[in-house]
Structures are given as structure tokens and as C-alpha cells.
Amino acid sequence: MSRSVLSLRLPAYLQTKLIQNGYHTVADFDEAPLAEDLAQFLTQSEVRSLASAAQAQPSAHSAWSIQQQALTRSYFSTQLSQLDTLLGGRGIPLGCITEVIGEAGSGQTELCLRLCLAARLPAAQGGLGVNSVYIDTVGSFSYCGAARAAHRLSALSSPLATSLLDGIHVFRVYAAHELMALLSSFDQIISHIAGVGLVVVNTVSWPFLASFASNIARRQVLHTELSHVLSQMAAKYKVAIVLVSQAKSPFGRSNLLSSSSSMDGDVWARVAANRISLQRRSDGFSIALSASTMHPTGETLVNNI
Amino acid sequence: MSTLTEEQQVLIAKCLAKGRFCSLQRVPSKRANQSICGLAANNVVGCEEPHQCLLMPYSEFLRSTGLNEEQGQLVWTLICRSTYPWQQHCRRATELKDDDVWISTGDAEIDQCLGGGIRLGSMVEVVGESAAGKTQLCIQLAISAQLPEAHGGLNGDVIYISTEGPFPVSRLVSMASPFVHRVCGEEYANSVDPADFMHRIQVAEFESMETMFHAFDYKVPSLLSAGNVRLMIVDSIAAHLRFNTSDDNTGQSSPIAFYKERSDSLVAMGAKFKRWANEYNCAFVFINQVTDLFAGDSGNGNDNDASLGLPSIADIDAEFTTMVTSKKAPALGAVWSNIIDTRIMMYQRRGLVQSEFRRASDVQGEAADQAPVEPPSHLLRTRRWIENVFSPWALNTQCEVVLDESGFQHVSKADI
């Protein structure tokens, strides 16, 4: 059995052209006199790429090489010792997606602000000195909120707090297509704002809900597409991506560690390395690591995020 | 699969050849931009607008338009650029300092409890049981927003949407003078007339959900676009949305369909308001009712209270409290809770005012540290609190307040 054209690593339009003209497998164009027939509907460079694609074999990496990659991964501390402990003592990993789920008022925005500031701290204090991109889809970002978060981080002097705040670049988007346009332009943004290490999307559920309130199927398709885009983005640019998703309401104590407590289902959980659930309690905030590819699950209680 | 026509391919080839889009610095001509985006959209099934092309997987986009890799990339980039020109939208946190503008409540302590007051550009909910004082707080904000900037106001207009009966004009009139007196001082207060505060409040009353949403779509944007509105109050958002009062044509009203329709309407409305809040630089305050919670999610009562934004009994610093133990939650559910930025809860409890109790005990000659078993009922007072349940700019704090003719003011610790 010859390889199907669709399984070759070729651009989609090229595959379509081949199939339209009757070439379904590699055997089909091996038999034909290559140059003449194909040249009728393909350019020279396309014919060449065809030849190389047909010969390429799918590649595989050894588990060892992947582990080597993992060992060189950077982390930054969240500056909340209990949360750092939950995250294996190291904090938020770069190159991975972290999902944060919580209901309204459970501290999602506070945690996002904390992470933006914590990432900017110098290495001596557990940070990485990196800039952050804060994608605000709900109007949660304000200077005063960020300044207060900086104050809560530690007893920082005001010039130091200002330099931390300077590293946060805020983009306000209102609808799903704006979010997609922004993420498509990400490589330009990365080169414009050098040294980005963290991307926060607060929240990732709202723009799709706002654009497709009644069409849950469409939302799920878009979420899945976006999850792949974000996964590739995190790996390619070696940034930590923090996605805040809205919780299904309201989850009681027992559901905190459940895997499908997000309003979007488990679409983000499937690509996330860590999943953090937040809940407000009468005596503080409960933070749980409800799922992780790296650490065991756990729960902790803090006074303030 | 539809491909671009010969003519369209030629147009794209021309643009490619001229190298118009090669460099990021050079801005393509608007006409070429639009025509290319339009072409792309027309060829994609189900897209009327270019930006809808962004809502499908990139590979599907290429397949539908029939563009090759290079052309597809360029068209995609063009559409992204025209949909969301990121260079114009990128702002550092420190540049956003001037965006923090607040409508004061007239009382510095209450303002501090809320993080500064009511922030322009935010969606605020004021929730509480009936007669908790929600409308009075909003009237206070309405007056404050109109005050000149020299006196802590924003010199702005106010829109007041009333759904639970007529707008309480008499309360506005009776509050205006004492409030201005308290906040701005005697000199300014004597120079203004309470009637001055009525001209700049636009009131609209709606008796049903449909007329209310229709107004949100048409009347409200036109009022907002005048540019001077700093505060819009919806009193209340819950009135027409809580129960299924409208009959379907079939005569049967399905509760699930009703809740679904309601959350869709709320989401659509919320998305619109969020845009307007930013575009027109005004604050939206929504008054919400509370709903009873029925035993379902069993668990520690305190935990549930806190997660729903209600103060737990232990948090209230009143020694003897008698109240109807009620498990209540803000109405309209989690969908609504996720749309608002800030939740302000107003509640009252009957409690003992310590200073009065001590005075009474001294008179009777009892030892001050001997607490009687039951508080004398004549010393129980209705105490009120305003609580900032959650907000992106301040932590959860409570402020005890007192309501008088001039509106709400904080109660200083000495008086408790």
C-alpha cells in the first residue's frame, strides 16, 4: 500500500490540488513521467517540495532527548510559598500552559497580577526578569489593582514597584476574532517587546462566550483550535502561558479537584501542564493543584492571593 | 471547493509583485487592503465579514480560498492587521495610571473600602435584600457624579434606568442639599439648588424585558455617544429577568429554555456594556436582588456563604445578633457574576451597639465585664454594612455605615 497524499507533510492547498487532479497516493506520481504531468498544475518549487516530502519519513525523538529538554526548562516562583510548594517547589514553568479555574471573586485577577510581577523579579528573588503580556478580555486590569498587587508581593519600595509594573504589557480585546488576530500577530509582538516570558489571558472563556453565546458546539471547535495554537506558541517561544477559565457554577468543596470543573470543559486541561483551581473561603483562599503532568495534586489555603 | 477567479488571482499577484506588504513599515493602501480582505471573505463559506475568517482553523481557511501558502499568509496577516492593529492597543501598565478615575460615594472611608469609589469603565453590581439601601446608594452616586471636579465629582451626566417602579425623585431632592452640604461644605451647598441635580439625570422606566433590551440596543448608545455620561444605573437588572413572566405563543413556557435565553441575553448585553464602558468612559452600576438558596450543596455553612459572597456570621463584630438565618445568593446566577467586575453587597443586621450597652450598664450599676445572658431588646439597633465582596482593584473589605438624610456615611470605630 502506498502512502496517501494526505499523510505527506505538504501545505493543505498542495494536497488538494494533487487530489483534484487524480493523484491520491505516492505511487500515482511515481509512475507518471513526473516533469510533464505535474508541471501542468504545479510550479517548479512545488514539484521539488513534493519529491522531498515523498521521501521524508515521520520522525521520532527519544524519551531521553525530551527529558533533556525538560531539565533545561525555566521556572519562576509565584512568591506564594504554599503555591510554590504545590508546584513542586519550583513555580510556574516556561514553555508550558497553566490553566487557572475559579468562580467570580475567587482571586483569578489577583493571581494573574501576582504572576506578572513575580516573573519580572530578578533571579536572586526567584523570578526571571522577564516581561509579560497581559491579554485582558474582561476589563480586569487597572493600574491601581496592579500597584496594590505589587505592594502585597512584598514590602517593595515604590521605584522598584514601578519597574515591575513597567514590564506588564496590556492588550484589551473584546471579541473572539480580536483575540485570534492578536495571537496570530504574536511573533511580531514578541520581537517588538523583547524578553517576554509570560502570557496571561484573563479570561480565555469570555470572548468566545460573548461571540457565540448560544452556540456551544462552535465554541468548542474554536477552543480546540486555540488550544493547539497556544500549545505550539508556548513551546516555540519558550513562554509560560497562563489561561484563566471560568468555573462551572458553583463548585462546592468536593469538586475543587475534579477535572471538568471549568465552564469550557477539559479543552484547556488537555494542553495544560498544570491546572490550578481557586476558591474563596470565609477564612481565605483555597488554591488547589487539581491536575498536573509534573507534580502530584494537592491543596492549600492562603490568606490573600 | 471554490478558487479565486483569474481576475482576483491577478490582483493578488500584482500586490505581491509590488512588494507592498513585504515590509511591516509600509502600510498597504486601504483600498487594496479592503478588496483583498473582501475577496478572501467572499470565497470562504459562511463569512460575510473578513474578521470571521479568523474564527476558523488556518488550514481550513487556505482550503476554502484556494490560495497558496504565500498568498494565504499575506491575506491572513492583512485580515489580522485590520481587525486588531496591535501596535495601537499595546499599553504598558504604567501608562494606564490615568485610567483610574473614580466616582466618589461622598465618604472617604466607604471610598477606601471600595478601592477608591466606583471606577469609570467598570461594571459594578450592588446587591442586597430589599430595603437594604441599594437605591439610596445609587442616588448618592448620581449626585456625586454631577458635582464639579473641584468638589470631588466628575461633572458628568447620569442615566438612570428604572424597572421596579417610578424613579424616586423625592428622595433625590431630599438628599441633594444635605449631601452636598456634607461633602462640599456650606459655602458651595448654599450656592446650588437641589433642582440643579435633576437636569442632568436622564431617567427611563421599563416594564418588561423586551422594552429594556430594546432600549439597551438603541436609546442607551445614543445617550452615551453625547460623551458626557459618567454613570449609568440600572435599578434593577433582576426585575424582569428573574421569573418567566412572558408567555410563549405555544402557551407552554419551558424553564430550561427560559434560563438559556436569559443567559444568552445577559451575555450579549454584558459584552455590549463592557465595550461602551471603555469607549464612553463611564461606569455602569447594576442593582441586583437576592434569591433564596435551597439545600442542595451540603457542606460547611460558613464555606458556602463565603464562596457566594455573603459575610459569614462569625465575621460580624456584633456580640448579640439575632437575625433570620437566611441562605441567600445574588440573583441571576453565575453567568451574571462572571460579567460584572465588582460586587458590592449591602446588608443589615440587628445588633448591639457596644457603647450604648456600656452606658446602659453603668447606669444600672452592673459590672462592665459581666455580660447579661440576653441583650435588652431596647438596645438592639439595626446596623448596616457595605461590603466590597470582590473587585479587581481592592480586597474584600467591609465598612459599617449609617444612613441618614444625606445618604450613607461610615461609622467611626469610636461610635460602635
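Residues numbered from 1 in each chain as written. Chains lettered and ligands numbered in written order. Predicted model: local features only at pLDDT ≥ 70, side-chain atom pairs only at ≥ 80, totals over all residues. Heavy atoms only, no water.

Student: Outline helix α13 (residues 255–279) of chain B, supporting the account with residue identities and numerical values.
Tutor: Residues and elements named next belong to chain B. Over its 25 residues, α13 extends 36 Å from the first C-alpha to the last, a length consistent with the 36 Å expected when each residue adds 1.5 Å. Along α13, the residues classified as buried are F258, R262, D264, S265, L266, V267, M269, G270, F273, K274, W276 and A277. Where α13 ends, the next residue or the one after it, N281, has phi of about 55°, a positive value. (Helix = DSSP H or I, 4+ residues; strand = E, 2+ residues; numbered from the N terminus. Expected span 1.5 Å × (residues − 1). Buried < 20%, exposed > 50% of the residue type's maximum accessible area, 1.4 Å probe, protein only.)

Student: How would you sum up the state of the cysteines? Please name residues and give values.
Tutor: Residue and element names in this part refer to chain B. Per the counting criterion, the structure on display carries 0 disulfides over all chains. This cysteine, C113, is not joined by any disulfide, and C399 carries the nearest cysteine sulfur, 5.2 Å off. With relative accessibility at 6%, the residue C113 sits in the buried group. (Disulfide = S-S within 2.5 Å.)

Student: Outline a nonpolar patch on the surface, listing residues and values.
Tutor: A cluster of nonpolar side chains, contributed by V169, V173 and M198 of chain B, occupies part of the molecular surface with about 200 Å² of accessible area. Inspection of the secondary structure assignment puts V169 of chain B in helix α8 (residues 169–184). (Patch = residues over 30% accessible without salt bridge, like charges linked within 9 Å, V, L, I, M, F, W, Y side chains within 5 Å. Areas by Shrake-Rupley, 256 points an atom, 1.4 Å probe, with all protein chains shown as cover. Salt bridge = Lys/Arg side-chain N within 4 Å of Asp/Glu carboxyl O.)

Student: Run through the sheet that holds strand β8 (residues 272–281) of chain A, naming residues and quoting values.
Tutor: Ordered in space as β10(A)-β9(A)-β8(A)-β3(A)-β7(A)-β6(A)-β4(A)-β5(A)-β1(B), the 9 strands form an open sheet in which the pairing is mixed. Two strands in the sheet have a free side with no partner beyond their single neighbour: β10 (298–302) of chain A together with β1 (91–92) of chain B. Both strand β3 (residues 97–102) of chain A and strand β7 (residues 240–246) of chain A contribute to a ladder of 6 bridges, which runs parallel. Each bridged residue has a counterpart across the sheet, and for E99 of chain A the counterpart in β7 of chain A is L243 of chain A. (Pairing = 2+ DSSP bridges.)

Student: Would you mind going over the pairing of β10 of chain A in detail, with residue names and values included?
Tutor: Residue alternation in β10 of chain A divides its side chains into a buried set, G298, T300 and V302 of chain A, and an unburied set, E299 and L301 of chain A. Count of turn residues in the strand β9 (residues 284–292) of chain A/β10 of chain A antiparallel hairpin: 5 residues.

Student: I'd like to hear about the interface of chain A and chain B, residue by residue, with values.
Tutor: Across the contact, 60 residues belong to chain A and 59 residues belong to chain B. Counting the surface lost from both chain A and chain B, the interface buries some 5,400 Å², and carbon and sulfur atoms represent 60% of this. Together, Y143, H177 and R280 of chain A form the three largest contributors to the area buried by chain A at its contact with chain B, with a combined 13%. Where chain A touches chain B, the interface holds 2 salt bridges. Between chain A and chain B we count 17 residue pairs in polar contact (both at pLDDT 80 or more) in total. Bridge analysis of strand β5 (residues 168–172) of chain A against β1 of chain B gives 2 bridges, and the strand direction is antiparallel. By the bridge assignment for β1 of chain B, H169 of chain A is matched with R92 of chain B. (Contact = heavy atoms within 4.5 Å. Buried area = accessible area lost by both parts, 1.4 Å probe. Polar contact = N/O pair within 3.5 Å; in protein donor to acceptor, adjacent residues only side chain to side chain.)

Student: Any chance you could break down the pairing of β5 of chain A for me, citing the residues and the numbers?
Tutor: Of all the 5 residues making up β5 of chain A, 5 are buried; the element is thus mostly covered by neighbouring parts of the structure. With burial as the criterion, each face of β5 of chain A is covered, one bearing I168, V170 and R172 of chain A and the other bearing H169 and F171 of chain A.

Student: A description of the packing of aromatic side chains should follow, citing residues and the corresponding values.
Tutor: Residues and elements named next belong to chain B. Taken as a whole and judged by the stated rule, the model has 16 aromatic pairs over all chains. Seen from their ring centres, Y58 and W76 are 5.0 Å apart, and the 75° between their planes marks the pair as edge-to-face. Taken as a pair, Y58 in helix α3 (residues 58–65) and W76 in helix α4 (residues 69–83) lie far apart in primary sequence, 18 residues in all. Grouped by ring-pair contacts, the aromatic residues F213, F216, F273, W276, F284, F286 and W336 constitute a single cluster. (Phe/Tyr/Trp six-rings, centres within 6.5 Å; stacked < 30°, edge-to-face > 60°.)

Student: Can you tell me about the confidence of the model for chain B, naming the residues and giving the values?
Tutor: All names here are of chain B. The pLDDT averaged across chain B works out to 77; a share of 71% of its residues lies at or above 70. Contacts of residues 248–252 to residues separated by more than four positions or lying in other chains number 1 contact, the stretch itself having pLDDT below 50. Confidence drops under a pLDDT of 50 for residues 295–325, and excluding neighbours within four residues, the segment shows 50 contacts in the predicted structure. Predicted complex, confidence summary: ipTM 0.82, pTM 0.83. (pLDDT = per-residue confidence, 0-100.)

Student: Mind laying out the environment of M269 of chain B, listing which residues take part and the relevant values?
Tutor: All names here are of chain B. Counting through the fold element by element, M269 comes out in helix α13. As a C-alpha pair, M269 and V389 span 120 residues in sequence and 23 Å in three-dimensional space. With residues near it in sequence (within four places) discarded, M269 still touches F213, F216, I237, F286 and W336.

Student: Residues and numbers for unusual backbone geometry, please.
Tutor: Residues other than glycine predominantly adopt negative phi, and peptide bonds predominantly adopt the trans conformation. Residue N202 of chain A is joined to T203 of chain A through a cis peptide bond whose omega torsion reads -5°. Within the secondary structure, T203 of chain A sits in the loop between β6 (196–202) and α12 (206–211). The linkage connecting D235 of chain B with the following residue, S236 of chain B, adopts the cis geometry, with an omega of 0°. With respect to the secondary-structure elements, S236 of chain B resides in the loop between β7 (229–235) and α13. Residues other than glycine seldom take positive phi values, yet N281 of chain B does so here, at roughly 55°.

Student: Hey, could you go over the pattern of salt bridges for me, with residue numbers and the actual values?
Tutor: When the charged atoms of two side chains lie near each other, side chains of opposite charge can form a pair. All told, the structure shown has 13 salt bridges over all chains when counted by the stated rule. D166 of chain A is paired through a salt bridge with R92 of chain B; the nearest N and O atoms lie 3.8 Å apart. Taken together, the residues D166 of chain A in the loop between α9 (158–165) and β5 and R92 of chain B in strand β1 connect one chain to another. In this structure D166 of chain A comes out as partly exposed when scored by relative accessible area, which is 26%. Across the pair D264 of chain B and K260 of chain B runs a salt bridge whose closest N-O atoms are separated by 3.4 Å. Of this pair, D264 of chain B and K260 of chain B both sit in helix α13, 4 residues apart, which is roughly one turn of the helix.

Student: Explain the sheet that holds strand β5 (residues 157–162) of chain B to me, and be specific about the residues and the numbers.
Tutor: All names here are of chain B. Read across the sheet, 9 strands follow the order β6-β5-β7-β8-β4-β11-β12-β13-β14 without closing on themselves; strand pairing throughout is mixed. Of all the strands in the sheet, the pair left with one neighbour each is β6 (201–205) and β14 (407–410). Taking the axes of each pair of neighbouring strands and ignoring which way they run, one obtains an average angle of 25° across the sheet. Alignment of strand β4 (residues 123–128) against strand β8 (residues 283–288), held across 5 bridges, turns out to be parallel. The residue of β8 that forms the bridge with V124 is V285. (Axes fitted to C-alpha atoms, helices over the stretch in contact; angles between N-to-C directions.)

Student: Explain the packing of helix α10 (residues 176–184) of chain A against α4 of chain B to me, using residue names and the numbers behind them.
Tutor: At a minimum axis distance of 9 Å, the contact between α10 of chain A and α4 of chain B shows a crossing angle of 120°. Judged by the angle between their axes, α10 of chain A and α4 of chain B are oblique. In this structure, the crossing between α10 of chain A and α4 of chain B has a hand that is left-handed. Of α4 of chain B, the residues touching α10 of chain A (which contributes H177, E178, A181 and S184 of chain A) are W76, C80 and T83 of chain B. (Parallel < 35°, antiparallel > 145°, perpendicular 65-115°, else oblique. Left-handed = near helix turned anticlockwise from the far one by under 90°.)

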